[in-house]
Amino acid sequence: MNTILVVTDFTIRAQQAAEFALQIAIKTEADLVLCHAIEIVDDEDEAEKLSWPIADNIALKQDSLMDLRDLSKHLKKLAIEEVTSYQPAITCVSEFGKLAPVTANLVKEKNVDLVVMGAHKSTGFNRFLMGSHTHEILDKVNCPVLLLPEGLNMTQLSTITYATDLTFSDTLVISYLAKIASAFNAEILVSHISPKGFEGLNSGKVLLRTLKELHPEGKPQISYINIKGDNVVKCLTQLTTSSRPGLLTLVHKRYGFLQGLFHSSISKKLADTAKMPLLVMPYSFSINVTDLTNELIERYSYNTDELR
């Protein structure tokens, strides 16, 4: 891992996310980019936008950069206190624009390996405003996104739970997770949640054997579990009720407009409600389809309609 992008709005929640991003950067010897997107309200007409004083824009950006530098100083102080041989380089970026496009552009420009941000408490109108930003990032940013829930101060990581429906090759995802797991000396738990009455493909055992061949030394430790249940979100939540600090990982499945009328994204549901750290892998990590038949894929893929 080379570059971690931290998206911040300067809240306590965002600061805690930045502090955990620092831990990942130190352990994986990556550098940090701190980003704040300055979003101008869209409901102004063109005349009002043109009349907005340039000096005000300059002042907004200066204030943003000042807050970013304060956060950078805070993180550098924490890094020194860690007494570690690696000190991440920290860059500050402030841009005008909506959060998702700004983030997506920086991911490409800086070759970002991981985006870290605080997850917003999703209740009522707040869910409509802030949840939409998170959803847009999951849809538009082709990079793993780590969401840290409000009030959770993460410093260690012992378990990475990866939830999969086994309808595509998981080796790309787990190879990525292995880098994080090795850095934190954490174990990876591959979890296949299948509907009750699932006839049982051998994909899980084949996957586990493949993964152990990729990591013959047994590090990180990788194990597999199959859980029967029809409520996917409930099963995923139960997986992370352990007292050990851990994070839940899944691949984001994007739907077009018509598909979105009939399906909802589990990753978006969890981003709105999860009380545990959530690592959402982009859809590009699932492009290698296995040799399962289309009938089995359709039958055993997650159906979130029942969760509404």
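As the structure is a prediction and not an experimental result, all values here were calculated from the model.

Undergrad: So what exactly am I meant to see when it comes to the pattern of salt bridges here?
TA: Should the charged atoms of two oppositely charged side chains come close, the side chains can pair. Tallying each qualifying case throughout the model produces 2 salt bridges. Ionic pairing is found between Arg13 and Asp9, a salt bridge with its closest N-O pair at 3.3 Å. Using a relative accessible area of 12% as the deciding quantity, one classes Arg13 as buried. Judged by relative accessible area, Asp9 falls into the partly exposed class, the value being 30%. Residue Glu136 pairs with Lys140 through a salt bridge whose shortest N-O separation is 2.9 Å. Taken together, the residues Glu136 and Lys140, both in helix H5 (residues 124-140) and 4 residues apart, mark about one turn of the helix.

Undergrad: Help me understand the packing of aromatic side chains, please; the structure alone is not making it clear to me.
TA: Any two aromatic rings considered together are summarised by their centre-to-centre distance and by the angle between their planes. Within the structure shown, the criterion is met by 1 aromatic pair. Geometrically, the ring pair formed by Phe20 and Phe184 is tilted, given 6.0 Å between the ring centres and 35° between the ring planes. Of this pair, Phe20 sits in helix H1 (residues 12-28) while Phe184 sits in helix H6 (residues 171-184); the two residues are 164 residues apart in sequence, bridging distant segments of the chain. Accessibility expressed as a relative area gives 7% for Phe184, which makes it buried.

Undergrad: Looking at this model, I keep getting lost on unusual backbone geometry. Mind explaining?
TA: Phi is positive for Phe10, which is not a glycine, with a value near 70°. If you trace the backbone, Phe10 turns up in the loop between strand S1 (3-7) and H1. Residue classification places Phe10 among the partly exposed positions, given a relative accessible area of 30%. Despite not being glycine, Asn185 has its phi angle at roughly 55°, a positive value. For Asn185, the position within the fold is in the loop between H6 and strand S7 (187-194).

The rules behind each value
- Residues numbered from 1 in each chain as written.
- Predicted model: local features only at pLDDT ≥ 70, side-chain atom pairs only at ≥ 80, totals over all residues.
- Heavy atoms only, no water.
- Salt bridge = Lys/Arg side-chain N within 4 Å of Asp/Glu carboxyl O.
- Buried < 20%, exposed > 50% of the residue type's maximum accessible area, 1.4 Å probe, protein only.
- Helix = DSSP H or I, 4+ residues; strand = E, 2+ residues; numbered from the N terminus.
- Phe/Tyr/Trp six-rings, centres within 6.5 Å; stacked < 30°, edge-to-face > 60°.

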